[in-house]
Amino acid sequence: MTGRVRQSVALIAPFFGRYLRGRKERFAFAYATHLALEGVAIEVLTTTTTADAPDANFFHPGTDHTEPFLVHRFRVNAPDRVAYEEALLAVRRGVPAAPERAQALLDERVRSPDLLAHVRASADRYDAFLFLDLTAPTTVHAIADVAERSLLVPLLDNRSEEHTSELQSRQY
């Protein structure tokens, strides 16, 4: 016995599931599986929704024990669709959005107050928090609560240079 202590890691992804077919979702599942096979005590914190329907609760909330790691799913709340669409249209037209509209692009996507509360409440439970998807509200709103143990896992289409300012503007 080497006396090695197993690290306890939380992987936070807005969408997660074995059968989801999006590129980010497939990566998240493969990454969590790889870490579990490497002996990391991994738990996934995610929502009950999918990328195809971000305001619908597709999965049941609670803990899923069917994978080689625990998957904790949290309900999503319906977004303010009007605010989100107005902000999105302004960006597409190249019109500078008012600060509240720009904030709507972030706040009115995947909204899961229960997930954010769980991250806050379990800040001391995990050795590290791995955040997938730099632009997801689950990342931007939760990372400040566990900043000293956070790691961002950038994906190729995150274009991190465009989103780093939003993360940097938060006080950690």
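Quantities reported herein were computed from a predicted structural model and do not represent experimental measurements.

Caption draft 1: Seen up close, the overall build of the chain. What the chain contains, in helices and strands, is 6 helices and 6 strands. What you see in the chain, going N to C, is helices and strands ordered as β-α-β-β-β-α-α-α-β-α-β-α. Across the 172 residues of the chain, 43% fall into the buried class. Long-range contacts, defined as pairs at least 24 residues apart, comprise 65% of the intrachain contacts of the chain with a sequence gap of at least 6.

Caption draft 2: Quick look at the packing of aromatic side chains. Following the criterion strictly, the structure yields 6 aromatic pairs and no others. Consider the rings of F58 and F59, whose centres lie 5.0 Å apart with planes at 90 degrees: the pair is edge-to-face. With relative accessibility at 59%, the residue F58 sits in the exposed group. Geometry around F59 places R73 over its ring, the cationic atom sitting 3.7 Å from the centre.

Caption draft 3: A look at the sheet that holds strand β6 (residues 150-153). The sheet built from 6 strands is open, its strands ordered β3-β4-β2-β1-β5-β6 with mixed pairing. Edge positions in the sheet fall to β3 (62-64) and β6, since each has one partner strand and no second. On average, each strand axis in the sheet is inclined to that of its neighbour by 25 degrees, with strand direction left out of account. Where strand β1 (residues 8-12) lies against strand β5 (residues 128-132), 4 bridges are found, and the strand directions are parallel. Along β5, the bridge assignment pairs I12 with F131.

Caption draft 4: Examining the pattern of salt bridges more closely. Per the counting criterion, the structure on display carries 5 salt bridges. Between E67 and R18 there is a salt bridge whose closest N-O contact spans 2.6 Å. Placement of the pair is E67 in the loop between β3 and β4 (70-74) and R18 in the loop between β1 and α1 (23-37), with a sequence separation of 49 residues.

Caption draft 5: Seen up close, the environment of R73. In this fold, R73 is placed in strand β4. Put simply, R73 and F15 are 58 residues apart on the chain and 9.5 Å apart in space, counted from C-alpha to C-alpha. Excluding its chain neighbours within four sequence positions, the residues that come into contact with R73 are F16, G17, T46, T47, T48, F59, H60, P61 and G62. Reaching out from R73, the side chain makes a polar contact with the backbone oxygen of F16 at a distance of 2.8 Å. A distance of 3.2 Å separates a polar side-chain atom of R73 from the backbone oxygen of T47.

Caption draft 6: Spotlight on the nonpolar core. Formed by 18 residues in total, the largest nonpolar core has its most connected members in L11, F16, I42, V44 and F69. Beyond its immediate chain neighbours, meaning those up to four positions away, F69 contacts F16, F29, A32, T33, A36, I42, V44 and D64. Within the second largest apolar cluster, 14 residues are counted, among which are A10, I12, F74 and A142.

What counts as what
- Residues numbered from 1 in each chain as written.
- Predicted model: local features only at pLDDT ≥ 70, side-chain atom pairs only at ≥ 80, totals over all residues.
- Heavy atoms only, no water.
- Helix = DSSP H or I, 4+ residues; strand = E, 2+ residues; numbered from the N terminus.
- Buried < 20%, exposed > 50% of the residue type's maximum accessible area, 1.4 Å probe, protein only.
- Contact = heavy atoms within 4.5 Å.
- Phe/Tyr/Trp six-rings, centres within 6.5 Å; stacked < 30°, edge-to-face > 60°.
- Lys NZ or Arg CZ within 6 Å of the ring centre and 35° of its normal.
- Pairing = 2+ DSSP bridges.
- Axes fitted to C-alpha atoms, helices over the stretch in contact; angles between N-to-C directions.
- Salt bridge = Lys/Arg side-chain N within 4 Å of Asp/Glu carboxyl O.
- Polar contact = N/O pair within 3.5 Å; in protein donor to acceptor, adjacent residues only side chain to side chain.
- Core = buried A, V, L, I, M, F, W, Y, C linked by side-chain atoms within 4.5 Å.

Bear in mind that shape data such as this cannot, by itself, settle questions of function.
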